[in-house]
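# Inside the fold
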Amino acid sequence: MVNPARPAPRTKIPGKRALLIGLSLLLCVGFFSTTLVSYHVSRNSIRESILVQELPLTSDNIYSEILKDLVRPVFISSMMASDTFLRDWTLRGERDHSEITRYLKEIMARYGAFTTFFVSERSRNYYHPSGILKTVREDAPPDAWYFRVRRLLDPYEINVDQDLANRNLLTIFINYRVLDYEGRLLGVTGVGLAMDSVRTALRAYQERFGRSVSFVDRTGRIVLYGNGASMQAGNIGEVDGLRDQAKRILAEGAGSYQYTKDGETHLLNVRYIPELKWFLFVEKTEDEALEAVRRTLYVNLGVCAFVTLLVVGITGLALGRYQERMEELATTDKLTGLLNRQALDALVHQAMNRSRRSGAPMSVLLADVDHFKAVNDRHGHLVGDEVLKRVAQGLREHLRASDTVCRWGGEEFLMIVQDCDAGAALQLAEKLRAAIADDLVLAELASGMVTVSLGVAELQPKESEEALIGRVDAAMYKAKQAGRNCVRLG
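The rules behind each value
- Residues numbered from 1 in each chain as written.
- Predicted model: local features only at pLDDT ≥ 70, side-chain atom pairs only at ≥ 80, totals over all residues.
- Heavy atoms only, no water.
- Helix = DSSP H or I, 4+ residues; strand = E, 2+ residues; numbered from the N terminus.
- Buried < 20%, exposed > 50% of the residue type's maximum accessible area, 1.4 Å probe, protein only.
- Areas by Shrake-Rupley, 256 points an atom, 1.4 Å probe, with all protein chains shown as cover.
- Expected span 1.5 Å × (residues − 1).
- Salt bridge = Lys/Arg side-chain N within 4 Å of Asp/Glu carboxyl O.
- Axes fitted to C-alpha atoms, helices over the stretch in contact; angles between N-to-C directions.
- Parallel < 35°, antiparallel > 145°, perpendicular 65-115°, else oblique.
- Left-handed = near helix turned anticlockwise from the far one by under 90°.
- Contact = heavy atoms within 4.5 Å.
- Nonpolar A, V, L, I, M, F, W, Y, C, P; charged D, E, K, R; others polar.
- Core = buried A, V, L, I, M, F, W, Y, C linked by side-chain atoms within 4.5 Å.
- Polar contact = N/O pair within 3.5 Å; in protein donor to acceptor, adjacent residues only side chain to side chain.
- Pairing = 2+ DSSP bridges.
- Phe/Tyr/Trp six-rings, centres within 6.5 Å; stacked < 30°, edge-to-face > 60°.
- pLDDT = per-residue confidence, 0-100.

### Regarding the overall build of the protein chain
- A tally of regular secondary structure across the protein chain gives 14 helices and 17 strands.
- Taken across its 490 residues, the protein chain has 44% of its residues classed as buried.
- Working note: accessible area of the protein chain is about 26,100 Å², and carbon and sulfur atoms make up 53% of it.

Here it is as structure tokens:
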């Protein structure tokens, strides 16, 4: 690119005008064609990124929020259904009604529930914190839910209905079957969640994540939807563009899709939430996603035109500075501070060459955190991240300064140890395993002992990098199959 700050040389250059005109045309064609091609490549890349990474990640984040905001009533209802007081009180004949109303009041106050209830199979009384609300009857349409739950094979259902005790407000009820100690039905209990509070949470999800969010049941009925969602009341089989995909989406239960409605392309991610027995639909319009890219395109075209005119209008300017080199890709894993896999690929190759030249042994160790998914599921991803950081710190502290350790995968760590044969590597791996298992900080983080399984492999003559990594990976899986928290040699 021409640097306008540098004055042109005073000596005449033969064919200078033709050179500048030719250069200007070349810049013009080059800039415009490159910008347009980049736009199309970026558009396709962004669409793919949204479908494969962004929407699934948003879906995971919303699911985590749902676990806190919406699934909690399911756990409360489950606790009530297994409560020995409730079962014993029913088995004693429901003599003192004040006991059950006091129990329901306490549950509602302790957990901040919108409403609580218990319907007895023996008396058919509908108990509420305010007393006996009514007696359910099989011939009464408002009571059909109870007789439907009686026939359920699942332990509970989630139902949207009117709450008679709260001015018929639309409420999400968790209807949980209560069984006696021999598995016979005693009744149905649970809590209710006001629909308005759910809609408020839904709006909060949309504002926080900038996506349209909807909930769909297993029949395709759109149960809840946020403001501005393209899918509103009805069934997804009635939504333009989704009509042909509805059955496949419900059958697959999870995945990324796209459809066109009212001339707009919608990018959609679907996942099933087993705790709610609903599908979570997270979507984003392509135009919204590409708005910034189009704006960048127009800015780039304007800049290209300006630069091209500048080249044509200012004669005598010499060609300027070369573009600065692009910043090198980061080689450090952000979470653990260890080298990342891209950086280690080159280091493995260098270490192998060094070992072959010097004749000194070289080994690799692969450690995998045992039951890490369970840690994430039980304590959340923040605790999982802290566990990974602590494991990384423990590995680093027990290795020599000349050894190399990197984060190889999600919960996998690869180590290169020079001047170390298989026997010494096994001893080192056992030392690392014991250090992690005995780490009290890790145990406190995960509410239990955190362990790792390690594979060990020594570089063999003429062995390729892929074969070496394959052997240590296989050794690590042998350690997993051997019961975890152990070391195996490849």
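### Overview of unusual backbone geometry
- The backbone of Glu94 shows a phi angle near 55°, a positive value even though the residue is not glycine.
- Residue placement: Glu94 occurs in the loop between α3 (84-91) and α4 (97-111).
- For Glu94, a relative accessible area of 3% corresponds to the buried category.
- For Lys462, which is not glycine, the phi torsion reads 60° and is therefore positive.
- Following the sequence through the fold, Lys462 ends up in the loop between β16 (452-458) and α14 (465-481).

### A closer look at helix α12 (residues 422-437)
- End to end, α12 covers 22 Å across 16 residues, agreeing with the expected 22 Å (1.5 Å per residue, within 8%).
- Burial in α12 covers these residues: Ala422, Ala425, Leu428, Ala429, Leu432, Arg433, Ile436 and Ala437.

### Section: the pattern of salt bridges
- Following the criterion strictly, the structure yields 23 salt bridges and no others.
- A salt bridge links Glu157 to Arg148, with the nearest nitrogen and oxygen atoms 2.7 Å apart.
- One salt bridge in this structure joins Lys373 and Asp377, with 2.8 Å as the shortest N-O distance. Of this pair, Lys373 and Asp377 are both found in helix α10 (residues 372-379), four residues apart, which corresponds to roughly one turn of the helix.

### Structural notes on the packing of helix α2 (residues 72-81) against α4
- At a minimum axis distance of 12 Å, the contact between α2 and α4 shows a crossing angle of 150°. By the angle between their axes, α2 is roughly antiparallel relative to α4. In this structure, the crossing between α2 and α4 has a hand that is right-handed. Packed against α2, whose contacting residues are Arg72, Ile76, Met79 and Met80, the element α4 presents Tyr103, Leu104, Ile107 and Tyr111 at the interface.
- Among the residues forming the contact of α2 with α4, the class breakdown is seven nonpolar, no polar and one charged.

### A few points about the side chain of Thr90
- Assignment of secondary structure puts Thr90 in helix α3.
- Looking at Thr90, the relative accessible area reads 6%, which means it is buried.
- Not counting chain neighbours up to four residues away, the residues in contact with Thr90 comprise Phe118, Ser120 and Leu186.

### Looking at the nonpolar core
- Grouped together as the largest cluster of nonpolar side chains are 41 residues, with contacts concentrated most on Ile100, Ile172 and Leu224.
- Looking at this core, the element that brings in the most residues is helix α6 (residues 195-209), giving six residues.
- Discounting residues that sit within four places of it in the chain, Ile100 has contacts with Leu86, Trp89, Phe118 and Tyr127.
- Listed in part, the 29 residues of the second largest apolar core include Ala367, Val369, Cys420 and Ala446.

### Comments concerning the side chain of Asp143
- With respect to the helices and strands, Asp143 occurs in the loop between β3 (131-135) and α5 (144-150).
- Separated by 2.9 Å, the side chain of Asp143 and the backbone nitrogen of Arg137 make a polar contact.
- Setting aside chain neighbours within four positions, we find Asp143 in contact with Lys134, Thr135, Val136 and Arg137.

### Regarding the sheet that holds strand β8 (residues 221-225)
- On the basis of which strands lie adjacent, the open sheet formed by six strands has the order β9-β8-β7-β12-β11-β10 and antiparallel pairing. Each edge of the open sheet is held by one strand with a lone partner, namely β9 (234-235) and β10 (255-261).
- When strand β7 (residues 212-217) meets strand β12 (residues 278-285), the two strands line up antiparallel, connected through six bridges. Along β12, the bridge assignment pairs Ser212 with Glu283.

### Regarding the packing of aromatic side chains
- Applying the stated rule across the entire model yields twelve aromatic pairs.
- With a centroid separation of 5.8 Å and an interplanar angle of 85°, the aromatic rings of Phe117 and Trp145 are classed as edge-to-face. Placement of the pair is Phe117 in strand β1 (residues 115-120) and Trp145 in helix α5, with a sequence separation of 28 residues.
- We classify Phe117 as buried; its relative accessible area is 1%.
- We classify Trp145 as buried; its relative accessible area is 9%.
- With 6.2 Å between their ring centres and 10° between their planes, Phe118 and Tyr127 make a pair best called stacked. In this pair, the class of Phe118 matches that of Tyr127, namely buried.
- A network of ring pairs unites the aromatic residues Phe117, Tyr126, Trp145, Tyr146, Phe147 and Phe173 as a single cluster.

### Considering the confidence of the model for the protein chain
- Considering every residue of the protein chain, the mean pLDDT works out to 82; 83% of them sit at 70 or more.
- Confidence drops under pLDDT 50 across residues 1-14; counting only partners more than four residues distant or on other chains, this segment forms 26 contacts.
- Contacts for the low-pLDDT stretch residues 319-328, under 50 throughout, to residues beyond four places or in other chains number nine contacts.

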